[in-house]
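Chain by chain, the residues run as shown.
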Amino acid sequence: MGNRRKPSPPSRARMAVLTTAMAAGGAVLASGTAHAEPAPTVASVKEQVDQLNEQAEQAIERYNGFQAKQQKLQGDANQIQEKVVRGQEAMNELRTRLGAVAADQYRSNGIDASVQLMLDSDPSGYLERAAVQNQIADSQAALLKQAQDEQRKLDQDRAEATATLAELDSVGKQLATQKSDIQTKLAQAQAMLNKLSAEDRAKINAQQSAEKAKAEAKQAAAAGAAAADRASRSEQRPDLNAPVPAASGRAAAIIAFAQAQLGKPYGWSRTGPDSFDCSGLTSMAYRAAGVRISRMSQDQWNDGPHVDRANLQPGDLVFFYDDLHHVGLYIGDGKMIHSPRTGKNIEVLPISVMPYMGAVRPA
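Quick notes on the rules
- Think of each chain on its own: its residues are numbered from 1, step by step along the sequence as written.
- For this predicted model, a pLDDT threshold of at least 70 governs which residues receive local features, and a threshold of 80 or more governs which side-chain atom pairs are given and counted, while totals over whole chains, interfaces and linings are taken from all residues.
- Side-chain measures here rest on the full set of heavy atoms in the structure, leaving out hydrogens and waters.
- A pair of strands is considered paired only if DSSP assigns at least 2 bridges between the two.
- For helices the rule is a DSSP run of H or I covering at least 4 residues; for strands it is a run of E covering at least 2, with both sets numbered from the N terminus onward.
- Should any heavy atoms of two residues lie within 4.5 Å, those residues are considered in contact.
- Every axis corresponds to a line fitted to the C-alpha atoms, with the helix fit spanning only the stretch in contact, and the corresponding angles, defined between N-to-C directions, vary from 0 to 180 degrees.
- Criterion for a salt bridge: a side-chain nitrogen of Lys or Arg within 4 Å of a carboxyl oxygen of Asp or Glu.
- Three exposure classes are used, based on accessible area relative to the maximum for each residue type with a 1.4 Å probe and protein chains only: buried under 20%, partly exposed in between, and exposed over 50%.
- Charged residues are defined narrowly, with Lys and Arg counted positive, Asp and Glu counted negative, and His plus the chain ends left uncounted.
- Only buried residues count toward a nonpolar core, which is a set of Ala, Val, Leu, Ile, Met, Phe, Trp, Tyr and Cys residues joined through side-chain atoms within 4.5 Å.
- Any pair of N or O atoms that falls within 3.5 Å is considered a polar contact. Within protein, one atom must be able to donate a hydrogen and the other to accept it, and sequence-neighbouring residues count only if both atoms are side-chain atoms.

Chemist: Can you help me understand the sheet that holds strand 4 (residues 335-338) in this one?
Modeler: Two modes of strand pairing occur in sheets, parallel and antiparallel, and in both the strands are linked by backbone hydrogen bonds. In spatial order, the strands read 1-6-2-3-4-5; together these 6 strands make up an open sheet with antiparallel pairing. Whereas interior strands pair on both sides, the edge strands pair on one side only; in this sheet they are strand 1 (306-307) and strand 5 (347-350). Pairing analysis gives 3 bridges linking strand 3 (residues 326-332) to strand 4, with the strands arranged antiparallel. Bridge assignment links L329 to a residue of strand 4, and that residue is I337. Docked against the sheet, helix 7 (residues 278-288) engages strand 2 (317-320), strand 3 and strand 4, running at close to 50 degrees with respect to strand 3.

Chemist: What should I look at first to understand the pattern of salt bridges in this one?
Modeler: Between side chains of opposite charge, a pair can form when the charged atoms approach closely. Counted according to the given criterion, the structure contains 12 salt bridges. A salt bridge links K46 to D50, with the nearest nitrogen and oxygen atoms 2.9 Å apart. Taken together, the residues K46 and D50, both in helix 2 (residues 42-108) and 4 residues apart, mark about one turn of the helix. Given a relative accessible area of 27%, D50 falls into the partly exposed group. Salt bridges linked by common partners bring R62, D181 and K185 together as one network.

Chemist: Could you clarify how one ought to interpret the side chain of E57 in this entry?
Modeler: By the element assignment, E57 lies in helix 2. Summary of buried charges: E57 has no salt-bridge partner, and the nearest side chain of opposite charge, R341, is 7.4 Å away. For E57, the residues in contact, after removing those within four places along its chain, are Y266, C278, H325, H326 and P340.

Chemist: Quick question: what am I supposed to make of the nonpolar core here?
Modeler: Burial of nonpolar side chains together is a common tendency in soluble globular proteins. Of all hydrophobic cores here, the largest spans 19 residues; its most connected members are Y286, L317, F319 and L329. Every element with two or more residues in this core is listed here: helix 6 (249-260), helix 7, strand 2 and strand 3. In terms of residues, this core owes the most to one element, helix 7, which gives 5 residues. The residues contacting Y286, other than those within four sequence positions of it, are R250, I254, V291, I293, G315, D316, L317, L329 and P362.

Chemist: Looking at this structure, I do not really get the side chain of H338. What am I missing?
Modeler: With respect to the helices and strands, the residue H338 is situated in strand 4. A polar contact of 2.8 Å, which involves the side chain of H338, links it to the side chain of H326. Only 3.0 Å separates the side chain of H338 from the side chain of E347, close enough to count as a polar contact. Filtering out sequence-adjacent residues up to four positions away, H338 remains in contact with L281, H326, V327, G328, I346, E347, L349 and M354.

Structure below.
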């Protein structure tokens, strides 16, 4: 083998050239593959936050439904368990009585009952005593049947209690899942807002105020046009069947309660007195007027006859979005009182500001 000479180390000048070239190449590579993500715009953040808040409100209404079901199941379970206790007490009493009968039979089982009667010192009373003995036997048979019936009923009640408690446990788990979902969505929305500067957050608030003002102006224009149309038609031909939107005593009580809550914060799954969610506010307003309606907005949709938008009256329930997850109280002039969402307070808002689905007038 020939001698191999070790390669001489590169000169300093060559190293400098190589280093410069590698740095330049790295810069080109980095510029070609790594792109800084563009900062989200205020509009995109607002849109995402609004979506998260709407999803949270949907989850809140589901949470309310599970909570109402949980409360009902708990009440049912308590009643069934009370029945089980009463049934067990009845069974204990019957067993005591049956035990006494068994003891009597044991003491007298040496001689047949009919033989005992025949050997009695008073044979003339044989038939009478035999009838009494038959009555006693019938009474014992009835007592035994009663005990069997009570045991069967007790077993059924215990099975029902077991099934109800199992369903209660399942609903409790669903409740926890919904609560976690709500908290996650609200935390995501808050995290997005926290990334914005104070100036950008102010822009979002200004946009929301502008949207509200625009909706109010649109509603006022529509109300003015409707009033002009009614005036024109009344000059031509009075409509004696036109609905009168005057508030009744009940409607006045409903609206008075809702007005007293203005400015209080939205609180998910709350029914007062310090905070309310949307259906919590409507259900408690109706309760203040002596009327009980359902807890969930979707259930409130079925709590009375539906009302056309043109015939809305103060106190009517007004519903929004395809799944009816938001509800407010109509107060007249195209406006409602509602509890909007987390981070906001109970307010007056035109009903045209959200996707309107219909109205209900609970009986």
